[in-house]
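Each chain, letter by letter, is given below.
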Amino acid sequence: MENELYDSILIGAGLTGLTIAHYLRKSGLRVLLLEKNSVPGGVIQSHAENEFIYESGPNTGVISSVELVRLFHELRLSFEVPQQFANARWIWRKNRWEPMPSGLISAVTTPLFTLKDKFRILGEPFRAKGTNPDETLSELVIRRMGKSFLEYAIDPFISGIYAGDPSQLVTRYAMPKLYALEQNYGSFIKGSIAKARIPKTAEEKLVTKQVFSVNGGLSVLTDALVHSVGSEAIWCNCSNPTVSPGADDSYVVEVERKSEEATTGSLLKLRSRSVITTVGGPLLPAILPFLSPAEAEPFTTLRYAKVVQVAAGYTDWKGIPIKAFGGLVPTVEQKDILGILFPSALFENRAPEKGALLSVFMGGIKRPELYEYSDAQLKEIAVSHINEMMQTGQQPDLLRIFRYPYAIPQYDAGSGKRLHTIKELQFRYPGLMLAGNIRDGIGMSDRVKQGAVIAGEVIEYLNIKKFM
Ligand SMILES: Cc1cc2nc3c(=O)[nH]c(=O)nc-3n(C[C@H](O)[C@H](O)[C@H](O)COP(=O)(O)OP(=O)(O)OC[C@H]3O[C@@H](n4cnc5c(N)ncnc54)[C@H](O)[C@@H]3O)c2cc1C
C-alpha cells in the first residue's frame, strides 16, 4: 500500500508483465502490477460463447524459446499442439488458394513463383551475402530469391506476423534469425541445413518450433500466471500512472486507482526500488514525464499496425473442407483482408462438431483506414470474403469484431535509435527497465523470453543493491 516500499512496480499486466512478475514473485520479491483495463492478460483474451471458443487477440504462438517451454513446465500447463494441418498454409492467387511450398521440391513445382525465380531459389546457396546492415526485408528477398518470392511468400508471411510492409521492416531487427542465417552461413538454405546439424540439449529439443495454443484458449496461460503472481498483487482499473526518480535510488509512482463501484479513482503515491514498463512505445512518454523530447522521440515515432480481427463461427459448416492452419492474401491480389485463420481445424472444442471457427484479419500498416470502418462495413467485408474464398453462401452464427489501434510494432529503420535510447535510459536510471514489444520481438514466445531475461536482470540488480 501507500507507505510500503515495493521491490518492483510493473506497468501493464499483459503476457510480458505477468511473466516478469511470476519470476520476481518466485524470488520472494514484493511486486505490484498496475493495469489500465478491468482484467489482466493484455491482448490475450479467450471467449467462450455458444459452443465456440474464440480469441480476440493472438490465436496461436510458436514454441520457439526455451523460456516458453520452462514457463509452461513451471505453471504445469501443456501446449495444445495441432495433430494435423499445422504446416499447411494457403496463399490466395488468381481467385483460388494455392498451398504454400514447404520444401525445395514444392518451391520448384508451385505456380506461386516464376520460372526465373525458381532457378534463383536453386542458386540461393551460391549467392554472395549482403553488406548493408540496414537492408529491408524486401531488398534482401529480391536480392536472394526474386520478386515473385517476395510477392507470394514473404509479403503474405509478413502480413500474417507483423500486419506489416516488408519494404519498411529492417531484417536485422524484424527477422533477426533470418538475418543471422545469411550473415553467419552465407545463405538461408546452407544456414538452415547447418543449424539442423548442431547438437541440442534435452531442453533445446523441446523447442520444437510447433504452433501451439492451450486447451480452452490462450487465456488459460495468462490466468495461470495471474494465479502464480497472486491477484492481490495485480491492481486493475489503474489509469495515468507516472513514474519519477525519487530519493534513495527509488522511484515514485503516482496512479489513479478506480474501485469496481466508483466512477472516479483515488490518486495513490507509491514507492518502489525498481519500475518496469511493458506498454507500447507511444504510451511511454506520458508514463515517464521526465524524458526530454529527444529521448521520447524514438518511442513516439515507433509505428504500430492497426489491426481488426473478426471471429466468425458457423454451427454447420458448408464451405470447402478446412485442412490448413490458415490462408494469407498477398498485397498484389488487392483484397480487403490480410488473411483467414482456421482455429477449429487445429484445436479441440473451438466450434460445434460439424461447425467451423474462422478468424479474419484486416487493416495492417498498408490498409490502416479499415480500422475506422463501421462494424456493419467490417462485417460485410469479412462475410463476403469468407463466402468467396471458402465457397459458401452462409451467414455466420457468431460474429465478433475486435479493433487494435496499437496491434503490432514495426521494427523499421528507427529501431537502432530506439534500442540505443533504451540502453542509455536504463543506464542513467538504474532500476528502470523498459520492456514489452518496443524491443526483443513481437510474438508470445519472444515476450516470455524477454520476461524471463528482464526478471533475471532485475533480481540481480536488487540483490547487488542490498549489499551496497
Ligand atoms: C490482434 C493480435 C494478434 C496477434 N497474433 C499473434 C500470434 O498469432 N502469435 C503470437 O505469438 N503473437 C501474436 N500477437 C502478439 C502477442 O499477442 C503479443 O506479443 C503479446 O501478447 C503482448 O504482450 P505484452 O504484455 O507485451 O503486451 P499487451 O498484451 O499489450 O499488454 C500491455 C498491457 O499494458 C496495459 N497498459 C497500457 N497502458 C497502460 C497504462 N498507462 N497504465 C497501465 N496499464 C497500461 C494494457 O492494458 C495491457 O494490458 C498478436 C497481437 C495482436 C494484438
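About the cut-offs
Numbers given to residues run from 1 along each chain, matching the order in which its sequence is written. Predicted model: local features are reported for residues with pLDDT of at least 70 only, side-chain atom pairs are reported and counted for 80 or more only, and whole-chain, interface and lining totals are derived from all residues. Hydrogens and waters are ignored; side-chain quantities use all the structure's heavy atoms. Strands here mean DSSP runs of E at least two residues long; helices mean DSSP runs of H or I at least four residues long; both are numbered from the N terminus. All radius of gyration figures rest on C-alpha atoms, and the globule criterion is 2.2 Å times the number of residues raised to 0.38. Note on contacts: a residue pair qualifies if any of its non-hydrogen atoms lie within 4.5 Å across the two residues. All accessible areas in this document rest on Shrake-Rupley with a 1.4 Å probe, and a residue is counted as covered only by the protein chains that are shown. We treat Lys and Arg as the positive residues and Asp and Glu as the negative residues; His and chain ends play no part in the count. In this description, the location of a charge corresponds to atom NZ of lysine, CZ of arginine, CG of aspartate or CD of glutamate. Nearness of a residue to a molecule or strand requires only that one of the residue's heavy atoms be within 4 Å of it. Polar contacts, as counted here, are pairs of nitrogen or oxygen atoms within 3.5 Å of one another; within protein the pair requires one atom able to donate a hydrogen and one able to accept it, and residues that are adjacent in sequence qualify only if both atoms are side-chain atoms. For the domains described, the bounds stem from an automatic or database domain assignment. A 1.4 Å probe rolled over the protein chains alone gives each residue an accessible area, and that area as a share of the maximum for its type sets the label: buried under 20%, exposed over 50%, partly exposed in between. As used here, buried area is the combined drop in accessible area, with a 1.4 Å probe, of two parts when they are placed together. Any carboxyl oxygen of Asp or Glu that lies within 4 Å of a side-chain nitrogen of Lys or Arg is treated as forming a salt bridge with it. Residues are grouped as follows: nonpolar covers Ala, Val, Leu, Ile, Met, Phe, Trp, Tyr, Cys and Pro; charged covers Asp, Glu, Lys and Arg; every other residue, Gly included, is treated as polar. All axes here are fitted lines through C-alpha atoms, helices being fitted over the stretch that makes contact, and every angle between N-to-C directions spans 0 to 180 degrees. Crossings are classed by handedness, with left-handed meaning an anticlockwise turn of the near helix from the far one by less than a right angle and right-handed meaning a clockwise turn. Residues enter a nonpolar core if they are buried and are Ala, Val, Leu, Ile, Met, Phe, Trp, Tyr or Cys, with the set joined through side-chain atoms within 4.5 Å. Each patch is built from salt-bridge-free residues with over 30% relative accessible area, joining like charges within 9 Å and nonpolar side chains (Val, Leu, Ile, Met, Phe, Trp, Tyr) within 5 Å.

Caption draft 1: Expanded view of the overall build of the protein. A tally of helices and strands in the protein yields 17 helices and 20 strands. Computed over C-alpha atoms, the radius of gyration of the protein comes to 23 Å, within 12% of the 23 Å expected from 2.2 N^0.38 for 468 residues, which places it in the range of a compact globule. A principal-axis box enclosing the C-alpha atoms of the protein has dimensions of 70 × 55 × 45 Å. Partitioning the intrachain contacts of the protein with sequence separation of at least 6 by distance along the chain shows that 70% fall at a separation of at least 24. Entry remark: accessible area of the protein is about 21600 Å², with carbon and sulfur atoms responsible for 54%. In the protein, 52 side chains carry a positive charge and 49 a negative one; their mean positions are 7 Å apart.

Caption draft 2: Structural context of the site of the ligand. In the region of the ligand, 29 residues are neighbours, and Thr-16, Glu-35, Thr-60, Ile-442 and Met-444 sit closest. Here Leu-15 contributes a backbone N or O atom positioned 3.0 Å from an oxygen atom of the ligand. Within the complex, 86% of the 1000 Å² of free accessible area of the ligand lies under protein. Counting only elements with at least two residues in the shell around the ligand, the list comes to helix H1 (15–26), strand E19 (398–409) and helix H17 (444–466). Broken down by element, the shell around the ligand gets its largest block of residues, three residues, from E19. Each of two domains, domain 1 (5–42 + 219–301 + 411–466) and domain 3 (304–409), supplies a minimum of three residues to the shell around the ligand.

Caption draft 3: The environment of Ile-340, seen in detail. Secondary-structure assignment places Ile-340 in strand E17 (residues 339–341). A sequence separation of 183 residues divides Ile-340 from Phe-157, and the C-alpha atoms of the two residues are 12 Å apart. With residues up to four places along the chain from it excluded, the contact list for Ile-340 reads Trp-97, Gly-326, Gly-327, Leu-358, Ser-359, Val-360, Ile-386, Met-389 and Met-390.

Caption draft 4: Region of the structure containing unusual backbone geometry. Positive phi outside glycine occurs at Asp-248, with the angle close to 55 degrees. Position of Asp-248 relative to the elements: it lies in the loop between strand E11 (238–245) and strand E12 (251–257). The backbone phi angle of Gln-334 is positive, close to 55 degrees, even though this residue is not glycine. The class of Gln-334 is exposed, set by a relative accessible area of 71%.

Caption draft 5: Looking closely at the domain arrangement of the protein. Split by domain assignment, the protein resolves into domain 1 (5–42 + 219–301 + 411–466), domain 2 (102–198) and domain 3 (304–409). Computed from C-alpha coordinates alone, the two centres of domain 1 and domain 2 are separated by 35 Å. Taken residue by residue, the interface counts seven residues in domain 1 and seven residues in domain 2. Sorting the residues of domain 1 by area buried against domain 2 places Tyr-411, Asp-412 and Ile-442 first, and these three jointly supply 73% of that buried surface. One can count zero salt bridges joining domain 1 with domain 2. Taken together, the residues that form the side of domain 1 that touches domain 2 break down as four nonpolar, two polar and one charged.

Caption draft 6: Representation of the packing of H1 against helix H11 (residues 219–229) within the structure. Relative to each other, H1 and H11 sit at 35 degrees, their axes nearing to 9 Å. Remark: the crossing between H1 and H11 carries left-handed chirality. When H1 is examined against H11, the residues Leu-15, Leu-18, Thr-19, Ala-21, His-22 and Arg-25 are found in contact with a partner set consisting of Leu-221, Thr-222, Leu-225, Val-226, Ser-228 and Val-229. Taken together, the residues of the contact of H1 with H11 sort by class into seven nonpolar, four polar and one charged.

Caption draft 7: Examining the pattern of salt bridges more closely. According to the stated counting rule, one finds 25 salt bridges in the structure shown. The residue Arg-273 makes a salt bridge to Asp-7 at a minimum N-O spacing of 2.8 Å. Remark: Asp-7 occurs in the loop between strand E1 (5–6) and strand E2 (8–11) and Arg-273 occurs in the loop between strand E13 (266–272) and strand E14 (275–277); sequence separation between them is 266 residues. As a salt-bridge pair, Arg-143 and Glu-182 come within 2.9 Å of each other at their nearest N and O atoms.

Caption draft 8: Molecular detail of the side chain of Thr-278. Structurally, Thr-278 can be placed in the loop between E14 and helix H12 (284–287). You can call Thr-278 buried: its relative accessible area is 14%. Within the structure, Thr-278 has its side chain in polar contact with the backbone oxygen of Ile-11 (distance 2.8 Å). There is a polar contact of 3.4 Å between the side chain of Thr-278 and the backbone oxygen of Gly-12. The residues contacting Thr-278, other than those within four sequence positions of it, are Ile-11, Gly-12, Thr-16, Gly-17, Ile-20, Ala-435 and Gly-436.

Caption draft 9: Region of the structure containing the nonpolar core. Leu-10, Ile-20, Leu-24, Leu-221, Ile-234 and Ile-276 are the most contacted members of the largest nonpolar core, which has 43 residues in total. For this core, the elements supplying multiple residues, two or more each, are H1, strand E3 (31–34), helix H2 (66–74), H11 and H17. Element by element, the count of residues in this core is highest for H17, at eight residues. In terms of nonpolar packing, the next biggest core, distinct from the first, is built from 31 residues, Leu-140, Met-145, Ile-154 and Ala-174 among them.

Caption draft 10: Representation of a nonpolar patch on the surface. A cluster of nonpolar side chains, contributed by Leu-104, Ile-105, Val-108, Leu-115, Phe-119 and Leu-122, occupies part of the molecular surface with about 630 Å² of accessible area. Counting only elements with at least two residues in the nonpolar patch, the list comes to helix H3 (104–109) and helix H4 (115–122). Mapped onto the secondary structure, Leu-122 falls in helix H4.

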